[in-house]
Amino acid sequence: MAKRWTAPAPGPIETWSFDEVDVAAPGPGEVTIRVRAAGINPADAKHVATQRPGATFPVPIGYELSGEITAVGDGAVGGSGELAVGDEVVAFRVQGAYATDLTVPARDVFAKPAALSHPEAANLLLAGTTAAEMIQVTRVVEGETVLLHAASGAVGVSLLQQARELGVRVIGTVGADADDSAERVRRYGGIPVAYGDGLRERVEAAADGAAIVAAWDAAGTDEAIDVSLELVLDRDRIVTIVSPDRAKADGFLWIAGARPESARFRDIARARVLELAASGALEVPLARTYPLAEAVEAVRFVMTGHPGGKVALLP
């Protein structure tokens, strides 16, 4: 039998259960995947911590994975074309990726970029499509200068790389004593600046006379948002993924994967993110891996610190 992590009811990660389950044979338009790696994202825990509209518990955990197809249902065509047993694939916007095997809609399955390992590929699409949407809604184009908060995190690193491909200059905020984070920002083409008193002045110095035309917020702190509001003229070119209350109060943008407009865009953006990864233009820094059975410990590690890269579960 397969094994899978499930949230039996709304609550903390310590209440999750690791169960033996039967995996349904793929029906029309479906495939079954043997999971080689499951990506871990903060949303995995946040979305089952409390009762959310439309959620029916128990809820299988995990939204993205990388693996190998073991069965193909009638008429199943993947997001990147025909699928066959043995194909190495990624799947995103699925439910229940923290598993050994999973049957999913073929439309959410794509060829795995050969440039990425399974643990890397399993962490590509949630952060990558979030970053792509942040770029799209702020209408950023070649030659512009943008302020990015939490630049060394998963979404930040994807933003840095996608912005570099567009010819966009990025100033990225990092912790005042985070040398590793600053080096990560430089590695992917950004200009690191430290949080703390005088942040606005340091950002302006890094901009070297260029206007800061947009801001991407993955931090959610008042400091980050206040400086963005001070520096960016048009509030509809400021976007956050973590602070909806400030967005509503101050009149700037908030996006989230659960919002219909975001879901539609991110489904479309998957192909472009995969194309960038396949070409070598988009990397996924990996911090560590955990056995699937240690999912709770792995998620706790992601949620309670700065892992320094993505984390994957290995069945």
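The coordinates are above.
None of the values given here were measured: they were computed from a predicted structure.

A.B. asks: Is there a simple way to think about the overall build of the protein chain in this case?
C.D. replies: Per the secondary structure count, the protein chain includes 10 helices and 18 strands. Rg of the C-alpha trace for the protein chain: 20 Å, near the compact-globule value of 20 Å for 315 residues, within the 12% margin. Seen through its C-alpha atoms, the protein chain measures out along the principal axes to roughly 60 × 40 × 35 Å. Counting over 315 residues, the protein chain shows a buried share of 50%. The long-range fraction of contacts in the protein chain, counting pairs at least 24 apart against all pairs at least 6 apart in sequence, stands at 67%. Accessible area for the protein chain stands at about 13500 Å²; split by element, carbon and sulfur atoms hold 50% of it. Computing the positive centroid from 29 side-chain charges and the negative centroid from 42, the protein chain places the two 2 Å apart.

A.B. asks: Which parts of the structure should I look at to understand unusual backbone geometry?
C.D. replies: With an omega of 5°, the peptide bond running from F57 to P58 counts as cis. By the secondary structure assignment, P58 is in the loop between α1 (42–49) and β4 (59–60). Not every positive phi belongs to a glycine, and R93 is a case in point at roughly 70°. Secondary-structure assignment places R93 in the loop between β8 (88–92) and β9 (101–105). Take R93: its relative accessible area is 29%, and that puts it in the partly exposed class. Backbone geometry places A150, a non-glycine residue, at a positive phi of 65°.

Conventions used here
Residues numbered from 1 in each chain as written. Predicted model: local features only at pLDDT ≥ 70, side-chain atom pairs only at ≥ 80, totals over all residues. Heavy atoms only, no water. Helix = DSSP H or I, 4+ residues; strand = E, 2+ residues; numbered from the N terminus. Rg over C-alpha atoms; globule rule 2.2 N^0.38 Å. Buried < 20%, exposed > 50% of the residue type's maximum accessible area, 1.4 Å probe, protein only. Contact = heavy atoms within 4.5 Å. Areas by Shrake-Rupley, 256 points an atom, 1.4 Å probe, with all protein chains shown as cover. Lys, Arg positive; Asp, Glu negative; His and termini not counted. Charge placed at Lys NZ, Arg CZ, Asp CG, Glu CD.

Coordinates in, geometry out; function isn't part of it.
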